[in-house]
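So you can see what is in the structure, the chains are spelled out below.
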There are 2 protein chains.
Amino acid sequence: MKVVFQIEGASPVQVECNAGDNLLELARRANVAIDAPCSGNGSCGKCRVKLMEGQVESYPSRHITDEEYEAGWRLSCSCKVVTDCTVFVPDIASAYQSRMKTADLSSPEEVAIFEKAQNDLKESGIVFDNDFMALELRMDAPSADDTMPDNERLTWAIQAQLGDVAVEIPYIVMAKLASTLRQYDFHVVVKGEFLGDRFACMEICDPADTAVVGCAIDIGTTTVSMVLTDLKTGKILAKGSSGNGQIRYGADVINRIIEQSKPGGKKKLQDAIVKETLTPILGNLCKTANISARSILRLSVGSNTTMNHLLIGVDADPVRMDPYIPSFFGWDGLKAGDLKLPANPLAQVVIAPNIGSYVGGDITAGTLAAGLWDKDEMSLFIDLGTNGELVFGNRDFLMSCACSAGPAFEGGDISCGMRATDGAVEACTIDKDTMEPSLTVIGDPGQRVVGICGSGIIDIISELYRCGIINARGLFAREGARVRRDQHGMGRYVIADAEESETGREVSINEVDIDNFIRAKAAIFSAIDTLLRSVDMTVDMIDHVYVAGGIGSGINMKNAVNIGMLPDVEPEKFSYIGNSSLAGAYAMVVSNQATEKCAEVASNMTYLELSTYPGYMDSFVAACFIPHTDRNLFPNSIQEC
Amino acid sequence: MKVVFQIEGASPVQVECNAGDNLLELARRANVAIDAPCSGNGSCGKCRVKLMEGQVESYPSRHITDEEYEAGWRLSCSCKVVTDCTVFVPDIASAYQSRMKTADLSSPEEVAIFEKAQNDLKESGIVFDNDFMALELRMDAPSADDTMPDNERLTWAIQAQLGDVAVEIPYIVMAKLASTLRQYDFHVVVKGEFLGDRFACMEICDPADTAVVGCAIDIGTTTVSMVLTDLKTGKILAKGSSGNGQIRYGADVINRIIEQSKPGGKKKLQDAIVKETLTPILGNLCKTANISARSILRLSVGSNTTMNHLLIGVDADPVRMDPYIPSFFGWDGLKAGDLKLPANPLAQVVIAPNIGSYVGGDITAGTLAAGLWDKDEMSLFIDLGTNGELVFGNRDFLMSCACSAGPAFEGGDISCGMRATDGAVEACTIDKDTMEPSLTVIGDPGQRVVGICGSGIIDIISELYRCGIINARGLFAREGARVRRDQHGMGRYVIADAEESETGREVSINEVDIDNFIRAKAAIFSAIDTLLRSVDMTVDMIDHVYVAGGIGSGINMKNAVNIGMLPDVEPEKFSYIGNSSLAGAYAMVVSNQATEKCAEVASNMTYLELSTYPGYMDSFVAACFIPHTDRNLFPNSIQEC
């Protein structure tokens, strides 16, 4: 059988298959990106494709209306191929890449936040320095009177500059030593690391090429961001981001761990991040910065525990299996060459250490960047990524925990939810009288609505509640033109009618969506509550709240307090600190001391396992209201009308 | 155009080409082994193929008779393809592999010589020990009360056995750590090197696999030999050898250096030795020894300077270009993974150091094994490989030099010369009265004569001289049934008539051959003479002569003295020490002290450049007689009749 995938904005892909093959699996085998946050179990409804020719066998889904079914729309995870066919695949992959809100330093605000983090670290006494260098060497050519072979000649020339140190010449330098010396008439640049008593050569090249470059990488479950930096000046040379290529194996870490445990799975997941994601970005960054990949002498990675296990290709099953102990916390043995990354193969890939299965290197790097470890005041650090992770404490102690907020913040589990790409409603106000919404939509002016992303959902629910349209349980309490009900009586608020939307489908938020979202925000708040209780503290003792992560960027903090997601502290106590994982990774790649400090922060951090902590479930249940069962916890939030 | 190579004893190979393509080049591109010692310049006459169908454009060669030309024989280096054609290729490659005399420990005599060398080293105080080990570890699985991650667990288990040492876990171990620990219920073997204050892990595996293996490699220009050894007991686990796959790029080092300097040449020559030669042997040895390649934790290489440059892929041009300084003497940065050898990728490949362009690691390793460095007596070490290298001295000094004896000892430059494979005359006596020869031919009983190898040529020339058939200048002085002359009056001695030989071609030795051979032996003897003079010594002060190398094995030492090739010392002073490069490499892989000693021997060895040494040319000219112009140098040799 033959299946042709007509991919929006890309060349069609044709694959051979057998009758009965699952269409989503087939797309994955053919490297066709289809969004499947639930990894193909039929629950998320995101893996839509449109049948153009031929037949598939499919079972009905609540995510496809009768009209849509008539028009050919199917969930690819629920389709078996029965004839040759052609299916249309909406271009979600390139939408990610083009306009995903990845906190990748693409706006001046983000750059300012990033630079503030680095300056704060410097003020905390972290020296931004490392031992990498480019040495310009001028040697004589061998002659009858000067019979030293090339490697000894190089060693002497280095010692002439650095003193009596051991010089390590690895294979990649030795193999091209003779030809490079002669190509440049024994006037070359050697790059490497000066480790006190020894100089480890890493590259020999053109005397004009003195670039000594580091690369900081944030690997999120959903998106990946990178910066290239000059290791001597700290200057950012290039930056870039894209979706995490593993997305087709599931939106969340659990589904990916399950995928990697299948035969060949570790290689597949590793290739998806290394070959398909990091390698092309890195290639582009080198081009932008006009440097050779061999000039990248150190890399650093801020990533959650699952992501760094999948990066290395180490079995990630222990992460999700009782007793939830990952295969490593800290490990400093990785080289770029091990992953075949386009960088100097000897470059160390510094991985920010994990402290548990669900509090990983993105959080330790983020905590480093947020500076909690250097403050007297009590700070709460919240990273709202695909999962929610929290750190609370100061220079004396640090407590951390993770909560499974679910994919709601990224648009999962929400009928019209989507990630923060073009067409997503990212902010909203509602007129209390007319109940008409005012929307902020991601994209060029005139962009029509496609769906709602996390920050938009927070705003809409907060506004619906403020306007009395929904009650504390998230049920519709007012009627009006935009409030509609289906045949079962389930209410929904229509953001955009079918004819107003980009897709021709109504964009709305219904009671099930709101319930899902309330559970997600309750997970966050009850985690905060439990973390505070674990150290016998209360909300009013929080001096500062740092909100990090891509989702955080667009959040209206006040609305997030209003719905009972974030603690009710004075607005001036909130700081949005952007992609703190990337900021921490950057500090680590440039600064040896920052790397040491991150290890120290990690080793001093205590991990609280919420699921077994007494009272957590009660706290969660109590938080499943807007804003909370205990109104005293939210004295300043809006009142239900 | 299409060319089909019908290879004797193998499947035919068909290649596409353009009109005008050179047939030898085409064969090389198609990996068809055609012997071409002169690398295709038309001088050696060895690259014969037989045209079966189609046409080629070729120029005449003195190496092809008219009858042979009629029958279709051509020199492939001198043919251009003009039509589709089919050519027959005699199977020289597999003849090498099957019966080449490689001194590869295949006979009890060789094993005895090899073992004696190791015992002598031990008696000289070299401890045969290293720091590699296999640790059996039993750990508890992680639990809620024992939450250490895998890498820390492994570290603790190692420290429980070795004390408080740093434990290095590299990528290849980390990547499979989680799955291996769980596969074997946390009961595993870890292999690595214990370096005093740290243990460098190299492999984690099945608790039943405790193999800790080394591999010693002798890379000769013509042949390659290897042994696998247990690194703890020193026991030999497997041994093997084959021709050096680079042979198709030229028989001698100069032609190969020229080949590697062409675009893509370094990779081509490196692939020929690594992928085509070492990798298959190593695979076989692992199979024979029933060990995993990952168990090979150290390798060592004895090889001449050009061979180790080509192995690493470093430009070898400096070796042959004025001022003849190679790119390195000693270098310890090579890992098996750099070459993608089937061994533990972290295994160091210890290279015996070179001391000059033409005295390489095979000689320093051989000198280590011969034990010159530990003796009071004056010893002369001669390695008769593709080149001739000499070392003279004792514990106080070591002088070395190389002479370009040319390919005569390996059958090159001799009309019926061949390497020591099936059908080669390897020994000969001649009846003084009847002038009839008695031959020893390599191969199964009844093997007919194909040609003459180096040791056979020494015997024949010595016997021809002893019988008065040739004079001191190598010209024929007697007439008889086996002495024939061509139309120009050039004499030859017929070993086998056309109908007696394997090939249907007469096997004989003519005056040009003898002249070529006399130049080769003169190169050796004048090198000895010059080396002695350089330290103000004479032949009678030599206490011992060690003859090493594959060619040495079959040499009749007395005949070699008779023709003035080896110095005229008492027969009991000669020792054949076999493949001393392999013996030295073996000592180095097993013993850290042997590796250090080899480096010390190399650094103490003085290199004498013969070509510029005063009096060398005179000495050479004087040696161009049988046995020598100065008969006093050979008082005990036979007299010309």
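As the structure is a prediction and not an experimental result, all values here were calculated from the model.

Points about the interface of chain A and chain B
Put simply, an interface is often sized by how much accessible area is lost when its parts join up.
Right, so step 1: Taken together, the contact between chain A and chain B spans 35 residues of the former and 35 residues of the latter.
Right, so step 2: A combined buried area of about 2,700 Å² lies between chain A and chain B, and 62% of that area is made up of carbon and sulfur atoms.
Right, so step 3: On the chain A side of the interface with chain B, the three residues burying the most area are Y171(A), M174(A) and W331(A), jointly 23% of the side's total.
Right, so step 4: Counting across the interface, chain A meets chain B through zero salt bridges.
Right, so step 5: The tally of links between chain A and chain B comes to twelve residue pairs in polar contact (both at pLDDT 80 or more).
Right, so step 6: At the level of elements, α5 (150-162), α6 (171-183) and α11 (336-339) of chain A are the ones that each hand at least two residues to the side of chain A that touches chain B.
Right, so step 7: Per element, the largest residue contribution to the side of chain A that touches chain B is six residues, and it comes from α6(A).
Right, so step 8: Here the residues of the side of chain A that touches chain B are counted per class, giving 21 nonpolar, nine polar and five charged.

What to know about the relation of the copies chain A and chain B
Right, so step 1: Taken as rigid bodies, chain A and chain B are interconverted by a rotation of 180° and an axial shift of 0.0 Å, the fit giving an RMSD of 0.1 Å. Taken together, the rotation angle and the small translation identify this as a two-fold axis. Proximity to the rotation axis, assessed at the C-alpha, singles out G337(A) in chain A; its C-alpha lies 5.4 Å from the axis.

A word on the side chain of H63(A)
Residues and elements named next belong to chain A.
Right, so step 1: Tracing the sequence through the fold places H63 in the loop between β4 (56-58) and α2 (66-71).
Right, so step 2: Overall, H63 belongs to the buried group, its relative accessible area being 17%.
Right, so step 3: Excluding residues within four positions of it along the chain, H63 makes contact with G42, S43, C44, G45, R48, E68 and L75.

What to know about the nonpolar core
Right, so step 1: By size, the foremost hydrophobic cluster in this structure holds 111 residues, and its most contacted members are L154(A), I158(A), L228(B), I296(B) and L299(B).
Right, so step 2: Apart from residues no more than four positions distant in its own chain, L154(A) is found in contact with L137(A), M139(A), I169(A), L177(A), V190(A), C201(A) and I204(A).

Section: the packing of helix α16 (residues 580-590) of chain A against helix α17 (residues 592-604) of chain A
Residues and elements named next belong to chain A.
Right, so step 1: Where α16 meets α17, the axes come as close as 5 Å, and the angle between the chain directions of the two elements is 125°. Viewed along their axes, α16 and α17 adopt a mutual orientation that is oblique. For the pair α16 and α17, the sense of crossing is left-handed. In contact with A587, M588 and V590 of α16, α17 contributes N592, A594, T595 and C598.

Notes on the sheet that holds strand β25 (residues 507-510) of chain A
Either a parallel or an antiparallel arrangement is found when strands of a sheet pair, and the pairing is made through backbone hydrogen bonds.
All names here are of chain A.
Right, so step 1: Across the sheet, which stays open at both edges, the three strands sit in the order β23-β24-β25 with antiparallel pairing between neighbours. Of all strands in the sheet, those bounded by a partner on one side alone are β23 (483-485) and β25. Taking each pair of neighbouring strands and ignoring which way they run, the sheet shows an average axis angle of 40°.
Right, so step 2: Direction of pairing for strand β24 (residues 491-496) relative to β25: antiparallel, over a ladder of four bridges. Along β25, the bridge assignment pairs Y493 with I509.
Right, so step 3: On top of the sheet, helix α13 (residues 454-466) reaches β24 and β25; it is set at about 60° to β25, its chief contact.
Right, so step 4: The sheet contacts of helix α14 (residues 511-534) involve β23, β24 and β25, and relative to β25 the element is tilted by about 65°.

Details of the packing of aromatic side chains
Right, so step 1: Applying the stated rule across the entire model yields twelve aromatic pairs over all chains.
Right, so step 2: Residues F525(B) and F634(B) carry aromatic rings whose centres are separated by 5.0 Å and whose planes lie at 50° to one another, so their mutual orientation is tilted. Pair noted here: F525(B) is in helix α14 (residues 511-534) and F634(B) is in the segment after α19 (616-622), with a separation of 109 residues, a long-range link.
Right, so step 3: You can call F525(B) buried: its relative accessible area is 1%.
Right, so step 4: Look at F634(B) and you get buried, because its relative accessible area is 0%.
Right, so step 5: Among the aromatic residues, those joined into a cluster by ring pairs are F114(A), F128(A) and Y586(A).
Right, so step 6: Looking at R74(A), its charged tip hangs above the ring of Y69(A), at a distance of 3.6 Å from the centre.

Conventions used here
The written sequence of each chain sets the order in which its residues are numbered from 1. Each chain takes a letter, starting from A, and each ligand takes a number, starting from 1, following the order in which they are written. Note on the predicted model: pLDDT of at least 70 is required for a residue's local features to be given, and 80 or more for side-chain atom pairs to be given and counted; whole-chain, interface and lining totals, by contrast, use all residues. The basis for every side-chain value is the complete set of heavy atoms in the structure, and neither hydrogens nor water enter the calculation. When checking whether two residues touch, look at their non-hydrogen atoms; a contact exists if any pair is within 4.5 Å. Once two parts are brought into contact, the accessible area they lose, counted with a 1.4 Å probe and summed over both, makes up the buried area. Basic side-chain nitrogens of Lys or Arg form a salt bridge, by our definition, when they fall within 4 Å of a carboxyl oxygen of Asp or Glu. Throughout this description, a polar contact denotes any pair of N or O atoms lying within 3.5 Å of each other; where both atoms belong to protein, one of them has to be capable of donating a hydrogen while the other can accept it, and for residues adjacent in sequence the pair is counted only when both atoms sit in side chains. Runs of H or I in DSSP of at least four residues are treated as helices and runs of E of at least two as strands, each being numbered from the N terminus. For this scheme, ten residues count as nonpolar: Ala, Val, Leu, Ile, Met, Phe, Trp, Tyr, Cys and Pro. Four count as charged, namely Asp, Glu, Lys and Arg, and the remainder, Gly too, count as polar. When the copies are superposed, the least-squares fit takes in the C-alpha atoms of residues with a pLDDT of at least 70 in both. The classification of residues rests on relative accessible area computed with a 1.4 Å probe and restricted to protein chains. Under 20% of the type maximum is buried, over 50% is exposed, and intermediate values are partly exposed. Definition used in this section: a nonpolar core is a set of buried Ala, Val, Leu, Ile, Met, Phe, Trp, Tyr and Cys residues joined via side-chain atoms within 4.5 Å. The axes used here are C-alpha line fits, helices contributing only the stretch in contact, and every angle between their N-to-C directions lies in the interval 0 to 180 degrees. Roughly parallel covers angles under 35 degrees, roughly antiparallel covers those over 145, roughly perpendicular covers 65 to 115, and oblique covers all other angles. Handedness of a helix crossing follows the sense of rotation of the near helix relative to the far helix, less than a right angle counterclockwise being left-handed and clockwise being right-handed. If DSSP finds at least two bridges between two strands, the strands pair. What counts as a ring pair is set by centres within 6.5 Å for rings of Phe, Tyr and Trp (its six-membered ring), and what kind of pair is set by the plane angle: stacked under 30 degrees, edge-to-face over 60, tilted for all other angles. Here, a charge over a ring is recorded when the distance from Lys NZ or Arg CZ to the ring centre is within 6 Å and its angle to the ring normal is within 35 degrees.

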